[in-house]
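Structure at a glance
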Amino acid sequence: MDETKKLLTAILERLEIQGAEIKGLHGEVSGLRTEVNELRTEVNELRTEVNELRTEVNELRTEVNELRTELREFKQEVAQRFDQLEEKIDYVTEKVREHDRDIFSLKRKSKA
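Below is a short write-up of the structure. (Residues numbered from 1 in each chain as written. Predicted model: local features only at pLDDT ≥ 70, side-chain atom pairs only at ≥ 80, totals over all residues. Heavy atoms only, no water.)

Let's talk about the overall build of the chain
The condition is simple: Helix and strand assignments come from DSSP, with helices taken as H or I runs of at least 4 residues and strands as E runs of at least 2, each series counted from the N terminus. This radius of gyration counts C-alpha atoms alone. The globule rule is 2.2 Å times how many residues there are, raised to the power 0.38. Any residue under 20% of the maximum accessible area for its type is buried, any over 50% is exposed, and the rest in between are partly exposed; the area is computed with a 1.4 Å probe on protein chains only. Note on areas: these come from Shrake-Rupley sampling with a 1.4 Å probe, and a residue is covered only by the protein chains present in the view. In this count, Lys and Arg are taken as positive residues and Asp and Glu as negative ones, while His and the chain termini are left out. Think of each charge as sitting on NZ of Lys, CZ of Arg, CG of Asp or CD of Glu.
Within the chain one finds 1 helix and 0 strands. Rg of the C-alpha trace for the chain: 47 Å, well past the compact-globule value of 13 Å for 112 residues, more than 25% over. Expressed as a percentage of its 112 residues, the buried residues of the chain come to 0%. On the chain, roughly 11100 Å² of surface is accessible, and the fraction owed to carbon and sulfur atoms is 56%. Side-chain charges in the chain split into 21 positive and 27 negative, and the spacing between the mean points of these groups amounts to 12 Å.

Structural notes on a negative patch on the surface
Applied cut-off: Patches here: salt-bridge-free residues with over 30% relative accessible area, like charges joined within 9 Å, nonpolar side chains (Val, Leu, Ile, Met, Phe, Trp, Tyr) joined within 5 Å. Any carboxyl oxygen of Asp or Glu within 4 Å of a side-chain nitrogen of Lys or Arg constitutes a salt bridge here.
Taken together, Glu35, Glu38, Glu42, Glu45, Glu49, Glu52, Glu56, Glu59, Glu63, Glu66, Glu70 and Glu73 make up a surface patch of like negative charges. With respect to the secondary-structure elements, glutamate 66 resides in helix α1 (residues 2-111). For glutamate 66, a relative accessible area of 45% puts it in the partly exposed group.

Some remarks on the pattern of salt bridges
A complete count under the given rule lists 4 salt bridges for this structure. Arginine 81 is the salt-bridge partner of glutamate 77, the closest N and O atoms lying 2.9 Å from each other. Residue glutamate 77 and its partner arginine 81 are both found in helix α1; the two are separated by 4 residues, about one turn of the helix. For glutamate 77, a relative accessible area of 36% corresponds to the partly exposed category. A single network of salt bridges, built from pairs that share partners, joins Glu94, Arg97 and Arg101.

Points about the environment of glutamate 42
Summarising the element assignment, glutamate 42 is placed in helix α1. For glutamate 42, a relative accessible area of 45% puts it in the partly exposed group. In sequence terms glutamate 42 and glutamine 76 are 34 residues apart; their C-alpha atoms lie 50 Å from each other.

Looking at a nonpolar patch on the surface
The grouping of Leu7, Leu8, Ile11, Leu12 and Leu15 at the surface amounts to a nonpolar patch, some 510 Å² of accessible area in total. Tracing the backbone shows leucine 7 in helix α1.

Comments concerning the environment of glycine 19
As for its position among the elements, glycine 19 is in helix α1. Taking the C-alpha atoms as reference, glycine 19 lies 96 Å from glutamine 84; in sequence the two are 65 residues apart.

Here it is as C-alpha cells:
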C-alpha cells in the first residue's frame, strides 16, 4: 500500500507539473493567436493599400493614354501647319521669282 501511495503521489506531482506546463503552453498559444490576428489585420490593411495603388495606377494609365492621344493630335496639327506654311513659302518664292523676271525684263527694255 505504501508503494501505491508513493506511486499516486508521484503521479499527482507529475500531473501538477504537466498542468503547469499546459497552462504555460495555453498562454503561448493565446499569445500566438493574438499575433496571428494582428498579422491578419496588417495583411488586410496591405490588401486595401494594394487595391488603392491599383486604382491609382489605372487612373495614371488612363491619363497617360489621354496624353498620348493629345500629343498625337498635336503632332498631326503641327504637321498640317508646316505643310500649309511650306505651301505658302513655295507660293511666295514663286512670286519673288516672277517679280525678279519682270524686273530683269524691265531693265533690259529700259537699256534698249
